[in-house]
Amino acid sequence: NLTDKLERSFKILKGEGRITEINIAETLKEIRRALIDADVNYKVAKSFTDEVKQKALGQNVLTAVKPGQMMTKIVRDELAQLMGGTATDIRLEGTPAVILIAGLQGSGKTTFSGKLAAFLKEKKGRHVLLVAGDVYRPAAIDQLKVLGGQIGVEVYTEEGNTHPVEIAQNAIKYARQKGCNVVIVDTAGRLAVDEAMMQEITAIKAAVDPGETLFVVDAMTGQDAVNTAKEFNDRLDFDGVVLTKLDGDTRGGAAISIRSVVDKPLKFISSGEKMDALQVFHPERMADRILGMGDVVSLVERAQEQFDEAEARKLKKKLVKDQFNFNDFLAQINQIKKMGNLKDLASMIPGMGKALKGVEISDDVFKQTEAIIGSMTPAERERPEILNARRRERIAKGSGTTMADVNRLLKQFDDTRKMMKMVAGGGKMKLPQMPRG
Ligand code: GDP
Ligand code: MG
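An unreviewed UniProt entry lists the protein under the name Signal recognition particle protein, with Alistipes communis as the source organism. UniProt annotates the protein under Subunit (unreviewed entry) with the comment "Part of the signal recognition particle protein translocation system, which is composed of SRP and FtsY." According to the UniProt record, the Sequence similarities (unreviewed entry) comment for the protein is "Belongs to the GTP-binding SRP family. SRP54 subfamily."

This is the structure we're talking about:
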């Protein structure tokens, strides 16, 4: 992938004392090749490396900084610049603020509509109405209804009405009556760009005059994503781009190309199918991700958000008094689960993306742990020290595991308790230790 290639290209510079025209040429060629391989448009990659070259040669080479490090920084900053420099917020203008969702079928529009509704409800305190504008497939309406049910957001539908323009207009009237201040209009897509779809979406846009039209595109579609973005933008003149399915190893080279071809900001990146996984797009972090440095900032933010502060304080008190027990351990696991897909989270840690390639991590890793704790009596959970061999034997039987499994968990529990006690004693509450399942 792009990261490996860039790493290799930086190696060329390793050991060199200075950046010179000669030793940089090979590196730049490698970077260009890596970008093109990651579906970055050739012209974009070329002008990018030209820019990097200017910056690199213009630098006074500091002896304290290794050329490789300096190049990494230049490349990172340039990449971020290429993707817009700074984060662009979603515009919520109008009463209600109308957000129109456009894109090909299967790009993730409906899923994103749900995530955005949850995001605006939870993070911005908005009263949201979702509108089912994909009238051609009954399943599409049901899909949105299910998502709405999950996140507690009302979904506007009109049974039997096959005119999305009318539905969207009626939905906005309905939103006014109901006091909703954001309306998200999900629309139908097709497998490829065609005239009928474009006419429909432009008609909806003209009729409802959305404050924000977002184009949703699947990050895994590579160079096609760029072409589709261009075609949609030519017709629709959208306001921002949403990159979906940025799961696991997908590096997001499409983010670079799209930005430079349509010159519209990327506003959100989306991964996983859980409704809480929406992230605002940050160019610097995306640059890190593309370079494989890991999206540490996002990871920490997400963890902080999800880790309940009150819970943490309670836990800390217990830890200091050495009363941490299996009930707390279980609560911790639930905290970790709330943070979303484990693989998503893990892949944000620098170096983990690569390490996890082909490894399956799911919430199942906790199943055994939960089963074992589930087979403990309340007394055993509260006072783990009473777990003698006879009790462990019973627990293993009860949970369908082995003595070895139970012992392993007890060892983990002990380690966690020790580690957390140290952390708690030191003042700050750190992230919960993840059991190794
Ligand atoms: P639409 O046709 O544009 O409305 O696309 P959907 O929202 O129905 O998504 C198409 C498929 O992709 C569904 O199976 C979704 O569950 C899945 N999907 C959507 N977004 C993501 C994502 O960010 N990551 C992953 N892994 N799957 C996604
Ligand atoms: Mg859909």
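Undergrad: Any chance you could explain the overall build of the protein here in plain terms?
TA: When you go through the protein residue by residue, the secondary structure sums to 20 helices and eight strands. Within the span of the protein, comprising 437 residues, buried residues form 40% of the whole. Looking at the protein alone, contacts between residues at least 24 apart form 75% of all its contacts between residues at least 6 apart.

Undergrad: Would you take a moment to explain helix α5 (residues 109–124) for this structure?
TA: Note on helix geometry: an α-helix contains 3.6 residues per turn, so any two residues three or four positions apart are oriented the same way. Among the 16 residues that make up α5, 12 are buried, leaving the element largely enclosed by the rest of the structure. Turning to α5, its buried residues number three or more, namely K109, T110, T111, F112, S113, G114, K115, L116, A117, A118, F119 and L120. At the exit of α5 stands G125, carrying a positive phi of roughly 60°.

Undergrad: It is not clear to me how the sheet that holds strand β1 (residues 97–102) should be interpreted in this structure. Could you clarify?
TA: Within a sheet, adjacent strands bond to each other through the backbone by hydrogen bonds, running parallel or antiparallel. Reading across the sheet, the eight strands line up as β3-β2-β4-β1-β5-β6-β7-β8 and stay open at both edges, with mixed pairing between neighbours. The outermost strands of the open sheet, each flanked by one partner alone, are β3 (154–156) and β8 (278–280). For this sheet, the mean angle separating the axes of adjacent strands, direction not counted, is 25°. Alignment of strand β7 (residues 266–270) against β8, held across three bridges, turns out to be antiparallel.

Undergrad: Got a minute to help me understand the site of ligand 1 in this structure?
TA: The environment of ligand 1 is made up of 16 residues, and the closest members are G108, K109, T110, T111 and K245. Residue composition of the shell around ligand 1, grouped by class: no nonpolar, 12 polar and four charged.

Undergrad: Could you clarify how one ought to interpret the pairing of β7 in this entry?
TA: Of all five residues in β7, five are buried, a share of seventy percent or more. Here strand β6 (residues 240–244) runs beside β7; their pairing, made up of three bridges, is parallel. Bridging from a neighbouring strand, V241 pairs with L266 of β7.

Undergrad: Explain the packing of helix α9 (residues 223–236) against helix α10 (residues 253–262) to me, please; I cannot follow it from the model alone.
TA: Two packed helices can be described by the angle between their axes and the distance between those axes. Viewed as axis vectors pointing N to C, α9 and α10 meet at an angle of 30°, and their least axial separation amounts to 9 Å. Judged on the interaxial angle alone, α10 and α9 are roughly parallel. You can see that α9 and α10 cross each other, and the crossing is right-handed. For the pair α9 and α10, the contacting residues are A225, V226, A229, K230 and N233 in the first and A254, S257, I258, V261 and V262 in the second. Of the residues that constitute the contact of α9 with α10, the class distribution is seven nonpolar, two polar and one charged.

Undergrad: Would you mind showing me how to read the environment of I372 here?
TA: Relative to the helices and strands, I372 resides in helix α17 (residues 367–374). For I372, a count of 23 C-beta atoms within 10 Å puts it in the buried group. In this structure the C-alpha to C-alpha distance between I372 and A396, which are 24 residues apart in sequence, comes to 6.9 Å. Filtering out sequence-adjacent residues up to four positions away, I372 remains in contact with I395, S399, T401, D405, V406 and L409.

Undergrad: Would you mind going over the nonpolar core with me for this structure?
TA: Soluble globular proteins: nonpolar side chains tend toward being buried together. Membership of the largest hydrophobic core comes to 79 residues, with the highest contact counts inside it found for L130, V131, V183, I184, V185, F215 and L243. Both domains that furnish three or more residues to this core are identified here as domain 1 (2–82) and domain 2 (97–293).

Undergrad: Quick question: what am I supposed to make of the confidence of the model for the protein here?
TA: Predicted coordinates in regions of low pLDDT should not be interpreted in detail. Scored by pLDDT, the protein comes out at a mean of 80, with 72% of its residues at no less than 70. The low-confidence segment residues 427–437, where pLDDT is below 50, has 20 contacts with residues more than four positions distant or belonging to other chains. Interface predicted TM-score (ipTM) for the complex: 0.99; the corresponding pTM is 0.66.

Undergrad: Mind showing me how you'd approach the packing of helix α7 (residues 164–178) against helix α8 (residues 195–208) here?
TA: The N-to-C vectors of α7 and α8 enclose an angle of 30°; their axes lie 9 Å apart at closest approach. One way to sum up the angle between α7 and α8 is to call them roughly parallel. Every pair of crossing elements has a handedness; the one defined by α7 and α8 is right-handed. Contact residues: α7 offers P164, V165, A168, Q169 and I172, while α8 offers E200, A203, I204, A207 and V208.

Undergrad: I keep staring at α9 and nothing clicks. Help me out?
TA: Helix length check: α9 (14 residues) gives 20 Å between terminal C-alpha atoms against 20 Å at 1.5 Å per residue, within 8%. Buried residues of α9: A225, V226, T228, A229 and F232, and no others. Axial view of α9: buried residues confined to an arc of 165°, hence all on one face. For α9, the secondary structure elements touched by its buried residues are β1, β5 (212–218), β6 and α10. Once α9 finishes, D237 follows within two positions and takes phi at roughly 45°, a positive value.

What counts as what
Residues numbered from 1 in each chain as written. Chains lettered and ligands numbered in written order. Predicted model: local features only at pLDDT ≥ 70, side-chain atom pairs only at ≥ 80, totals over all residues. UniProt positions renumbered as here; feature names shortened; annotations may be inferred. Helix = DSSP H or I, 4+ residues; strand = E, 2+ residues; numbered from the N terminus. Buried ≥ 20, exposed ≤ 12 C-beta atoms within 10 Å, placed from the backbone. Contact = placed C-beta atoms within 7 Å. Pairing = 2+ DSSP bridges. Axes fitted to C-alpha atoms, helices over the stretch in contact; angles between N-to-C directions. Near = placed C-beta within 6 Å. Nonpolar A, V, L, I, M, F, W, Y, C, P; charged D, E, K, R; others polar. Parallel < 35°, antiparallel > 145°, perpendicular 65-115°, else oblique. Left-handed = near helix turned anticlockwise from the far one by under 90°. Core = buried A, V, L, I, M, F, W, Y, C linked by C-beta atoms within 7 Å. Domains from an automatic or database assignment. pLDDT = per-residue confidence, 0-100. Expected span 1.5 Å × (residues − 1). Arc of directions from axis to C-beta.

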